[in-house]
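# Working through the structure, step by step
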Amino acid sequence: MAAPPGEPRRVAYLYLLPAFAVYAVFLLYPIGRAVQISLYDWDGLSLGTWAGLDNYVAIVADEGLRAAFGHALVLIVFYAAAPLVIGLALAAILNHAKVRGLGFFRTVVFLPQVIAMVVVAVAWRRVYAPDGSLNALLGALGLDALTRGWLGDYTFALPAVGVVGTWFETGLVTVLLLAGMSRIPLSLYEAARLDGAGAVREFFAVTLPSVRAEIAVALTLTVIAALRTFDLVYVTTRGGPGDSTSVPSYEVYHRAFGLGQVGSAAAIGVTLTVVIFVISFGINRFADRRTS
Amino acid sequence: MTVQKRQPRGVRALALLAASAVAACAAGCAPGSSAPPAASSPQASATAVRTDAAGLGNVTLTVWDQEVRGGQAAQMEKLNAAFQAKYPNIKLNRVSRSFDDLNTTLRLALSGNEPPDVVEANNGRSSMGAFVKAGQLRPLDAYAQAYGWKSRYPESVLRYSRYSADGKLFGEGNLYGLPQVGEVVGIFYNAAKLKKLGLRPPRTWAEFETALDRAKTGGEVPLQFGNLDKWPAVHVFGTVQGRTVPPSQIGTLAFGRKGASWTTPENVKAAEQLVSWVDKGYFAKGFNGQGYDAAWQAFGKGQGVFLIAGTWLLADLRKALGADLGFMLPPGATADAAPVATGGTGLPFAITAKSPHPDAAAAYIDFITSEDAMKVLTETGNLPVADTGEQTVADGPQREVFTAFGTVTAKDGLVPYLDYATPTFADTLGAALQDLLAKKAAPRDFLATLEKDYKTFAESNG
């Protein structure tokens, strides 16, 4: 059978080679190496000893680590779910009302994304301090009973960290959704209105289905951000009070550089990667199936 | 949709690739296999050490330090310049980074084939202990002999840089480093506030508690405190523990050796006393949610009568409070009780095992810790670890700090930081103390948590 016209197809692999080489050296090799290290008991200095799956068994057995993964899941609510709800509402209003100065509002909402997370964390640490602005505000409202050292409170430390995430991610989600909504043909809205749909009905019937792809992107980005939270916890609470805000990424850093348990740290890292991969794969599968 | 279909194959290929990479490697390249075999510790190598630095020929020494801030940077620059002037044949290649950066990069640097010659390594098990275990540091005992370090430095100071050759025992064995500066945790007080309350600096522990009570009724913050960073409470608890537990027991616990216990009545008493301070409202409000820096800065602004903290805050607090600042060792049961205080040294300077110029490196360490160097350290606002009593400083808080450190080292009253005990103890203790202070854990549960970590480690460590 004659080959299809044009260049021989196999040469295409040659074109892929440069990019693949970079990808392999900086991504595939380190991943393979991390997987390998996670199978050893290694202090980062002397010769490692083979540990098989012990490090992974320890993750499951370690109550503290299970709690850390649990905290990361709680953070998903604050990092992904809350911003999505707020972002949908904000974007719908901004898009629908055709407000004047849309660019200005978009910039304001997006601004947290521009600031480095460490700076965000330092600022919020001040806000949450016992003599910080949140308590000052509560005091001014006569709600003295509610004031507390927020990041040092066992019940409120994790939500407090989560709220920072919500504040941080909402802008990104809003701008993504706004871009999606601006592509919806006006004729759809017209049709809906002719059929007698109100603003709410219109939102659920027209707007929401049209931005499903954007929602998938937003969820993927924010869920990943939630699961790999490190800088925020490192700067604000270092996992405290007690271990009530410990997260897997912080444990990776802490074990590798603080305690010299590099094998265990690599095992947590690999596990976290798998969890992130599975969740974002699920989100995309879900979004794709609904569109097709 | 084609993209969708192809994805699984991509994933499979990736997994295959990773698997084959691991398989190919499984035999030959275990992590750390490129590192040297744990050197058969150059046990003060039979070849005599040389102390004639000028006669060592042309040598370049690479030095990694963390003396980057204020007075620390000033003393290092001054001493390095003097060293260069005295020994032009030894060229210094100085690399300085912040404490955190040094801690995270040193590990990699030491496992390379050309590590720096002189490094500042943190005393703890996960730093110096791990380096000793991996055979990366050179024992300095022969140099200590030749330069007379042992007569100038009290043993209670030197032991913070001692490890057994296998890195298992901390606080005894070979000497692996020499520090420049000392530190001790004591009680800072605001003299003006004490005067207003009609009090004098307490001379006994009971007087201290009375003073806290009077400050409380006087509407002041008795004890400034911020524990968001987890570790500050370790210093406060250590100070309380020093009143109830014999120093030798604290030493055994803190160096993680067998033969002591956390669940003794004395430790229970210490934990209970700490909790009673929470109940009586002696600590600043919301302390578990307040940062360490924010807390001492608040003390500097006049919020708080007392602050339990280390001498490293002296320069900053002096700037803020001036003559109103006072410092004292934690008082004992009676006015003339032997002093006991948590304390230690700055980061010790060590010589790497692979350094080709150990003699020159030792000469450098001797130079920056000599009697003249101690004077330079004093002039630049640091607390020299040796000859502390002989330094001339102005009256006031600086004098009080110098006297305190001189007294406590002369009487061997320094007890180690509790977080030295095991590689994980800093976390265990930090989290457990937050639990204790927030009353999430009772004193006995708190001590049981510590006992578990300590016992597990001490047993496995042999």
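Since the model is a prediction, treat every value here as computed from it, not as a measurement.

Here the focus is the overall build of chain A. If you tally the helices and strands in chain A, you get 13 helices and two strands. Its C-alpha radius of gyration of 24 Å places chain A more than 25% over the 19 Å reference for a compact globule of 292 residues. Taking the principal axes of the C-alpha coordinates as reference, chain A spans close to 85 × 75 × 30 Å. A separation of at least 24 residues holds for 73% of the contacts in chain A among residues at least 6 apart in sequence.

Here the focus is the overall build of chain B. Within chain B, the regular secondary structure consists of 19 helices and twelve strands. Here chain B has a C-alpha radius of gyration of 25 Å; the compact-globule value for 462 residues is 23 Å, and the two agree. The principal-axis extents of the C-alpha atoms in chain B amount to approximately 75 × 70 × 50 Å. Per-residue burial for chain B yields a buried fraction of 49% across its 462 residues. When contacts within chain B are restricted to residue pairs at least 6 apart in sequence, long-range pairs at least 24 apart make up 78% of them.

A few words now on the pairing of strand E8 (residues 306-310) of chain B. Residue and element names in this part refer to chain B. With four of five residues buried, E8 is to be regarded as a mostly interior element. With five bridges connecting them, strand E6 (residues 182-190) and E8 associate as antiparallel partners. Opposite Phe-188, over in E8, you have Leu-307 as the bridge partner. The pairing of strand E7 (residues 223-224) with E8 spans two bridges and is classified as parallel. Bridge assignment links Gln-224 to a residue of E8, and that residue is Leu-307.

Each partner contributes residues to the interface: chain B has 39 residues there, and chain A has 37 residues. Put simply, the parts of the chain that give the side of chain B that touches chain A at least two residues each are helix H1 (2-26), helix H3 (99-111), helix H4 (125-133) and helix H18 (425-437) of chain B. Looking at the side of chain B that touches chain A element by element, the count peaks at six residues for H1(B). Per-class residue counts for the side of chain B that touches chain A are 18 nonpolar, 14 polar and seven charged.

Another point: the UniProt feature "transmembrane region" (unreviewed entry) in chain A. What UniProt calls "transmembrane region" (unreviewed entry) maps, in this numbering, to residues 12-32, 72-92, 104-124, 156-179, 215-236 and 256-283 of chain A. As annotated, residues 12-32 of chain A has a helix share of 100% and a strand share of 0%, and its two end C-alpha atoms lie 26 Å apart.

Our next topic: the confidence of the model for chain B. All names here are of chain B. When pLDDT is averaged along chain B, the result is 88, and 90% of the positions lie at 70 or above. Low pLDDT, under 50, characterises residues 37-46; the stretch is placed with 14 contacts to residues that sit more than four places away or in other chains. The complex model carries a pTM of 0.82, and its ipTM stands at 0.76.

Turning to the domain arrangement of chain B, a few remarks are in order. Residues and elements named next belong to chain B. You can read the domains of chain B as domain 1 (53-181 + 346-386) and domain 2 (183-344 + 415-460). The C-alpha centroid of domain 2 is placed 30 Å from the C-alpha centroid of domain 1. If you look at the interface, domain 1 gives 13 residues, while domain 2 gives nine residues. If you list the elements that add at least two residues to the side of domain 1 that touches domain 2, you get helix H2 (70-86) and H4.

Before going further, it helps to examine the nonpolar core. Grouped together as the largest cluster of nonpolar side chains are 130 residues, with contacts concentrated most on Val118(B), Phe131(B), Phe188(B), Ala254(B) and Phe306(B). The element best represented in this core is H18(B), accounting for eight residues. For this core, the two domains that each supply at least three residues are domain 1 (53-181 + 346-386) and domain 2 (183-344 + 415-460) of chain B. Residues contacting Val118(B), with those up to four places away along its chain left out, are Leu61(B), Val63(B), Phe349(B), Ile351(B), Ala361(B), Tyr364(B) and Ile365(B). Counting residues in each nonpolar core, the second largest holds 61 residues, with Ala80(A), Ala129(A), Leu158(A) and Val173(A) among its members.

Turning our eyes to something else, we now look at the pairing of strand E2 (residues 90-96) of chain B. Residues and elements named next belong to chain B. Where strand E1 (residues 59-65) lies against E2, seven bridges are found, and the strand directions are parallel. Residue pairing in the sheet places Val-59 in a bridge with Ile-90 of E2. Handedness of the E1-H2-E2 crossover: right-handed.

With that out of the way, let us pick up the environment of Val114(A). As for its position among the elements, Val114(A) is in helix H4 (residues 102-114). Spatially, the C-alpha atoms of Val114(A) and Val211(A) are 24 Å apart, while their sequence positions differ by 97 residues.

Attention now goes to the sheet that holds E2(B). Residue and element names in this part refer to chain B. The four strands lie next to each other as E2-E1-E3-E11, forming an open sheet whose pairing is mixed. This sheet does not close on itself; its edge strands, each paired only once, are E2 and strand E11 (349-351). Sheet twist, expressed as the mean angle between neighbouring strand axes with direction ignored, is 20°. Pairing analysis gives two bridges linking E1 to strand E3 (residues 118-120), with the strands arranged parallel. Each residue of the ladder has a partner; that of Val-63, found in E3, is Val-118.

What you tend to see is this: most non-glycine residues have negative phi, and most peptide bonds are trans. Residues and elements named next belong to chain B. Located in the positive-phi region is Lys-230, a residue other than glycine, with phi close to 75°. Along the chain, Lys-230 falls in the loop between E7 and helix H10 (232-244). Using a count of 23 C-beta atoms within 10 Å as the deciding quantity, one classes Lys-230 as buried. Positive phi, normally seen in glycine, also occurs at Asp-412, with a value near 50°. Mapping Asp-412 onto the fold places it in the loop between helix H17 (397-410) and strand E12 (414-415). Classification of Asp-412 by C-beta neighbours within 10 Å gives partly exposed; the count is 15.

This part is about H2(B). Residue and element names in this part refer to chain B. Given a rise of 1.5 Å per residue, 17 residues ought to cover 24 Å, and the 25 Å separating the end C-alpha atoms of H2 matches this to within 8%. Of all the residues in H2, the buried ones are Gln-72, Gln-75, Met-76 and Leu-79. Projected down its long axis, H2 shows its buried positions confined to an angular sector of 100°, all on one face. The exposed residues of H2 that point more than 90 degrees off its buried face are Ala-81 and Ala-85. Close packing links the buried residues of H2 with E1, helix H15 (358-368) and helix H16 (371-379).

How each quantity is defined
- Residues numbered from 1 in each chain as written.
- Chains lettered and ligands numbered in written order.
- Predicted model: local features only at pLDDT ≥ 70, side-chain atom pairs only at ≥ 80, totals over all residues.
- Helix = DSSP H or I, 4+ residues; strand = E, 2+ residues; numbered from the N terminus.
- Rg over C-alpha atoms; globule rule 2.2 N^0.38 Å.
- Contact = placed C-beta atoms within 7 Å.
- Buried ≥ 20, exposed ≤ 12 C-beta atoms within 10 Å, placed from the backbone.
- Pairing = 2+ DSSP bridges.
- Nonpolar A, V, L, I, M, F, W, Y, C, P; charged D, E, K, R; others polar.
- UniProt positions renumbered as here; feature names shortened; annotations may be inferred.
- pLDDT = per-residue confidence, 0-100.
- Domains from an automatic or database assignment.
- Core = buried A, V, L, I, M, F, W, Y, C linked by C-beta atoms within 7 Å.
- Right-handed = clockwise from strand over helix to strand, strands pointing away.
- Axes fitted to C-alpha atoms, helices over the stretch in contact; angles between N-to-C directions.
- Expected span 1.5 Å × (residues − 1).
- Arc of directions from axis to C-beta.

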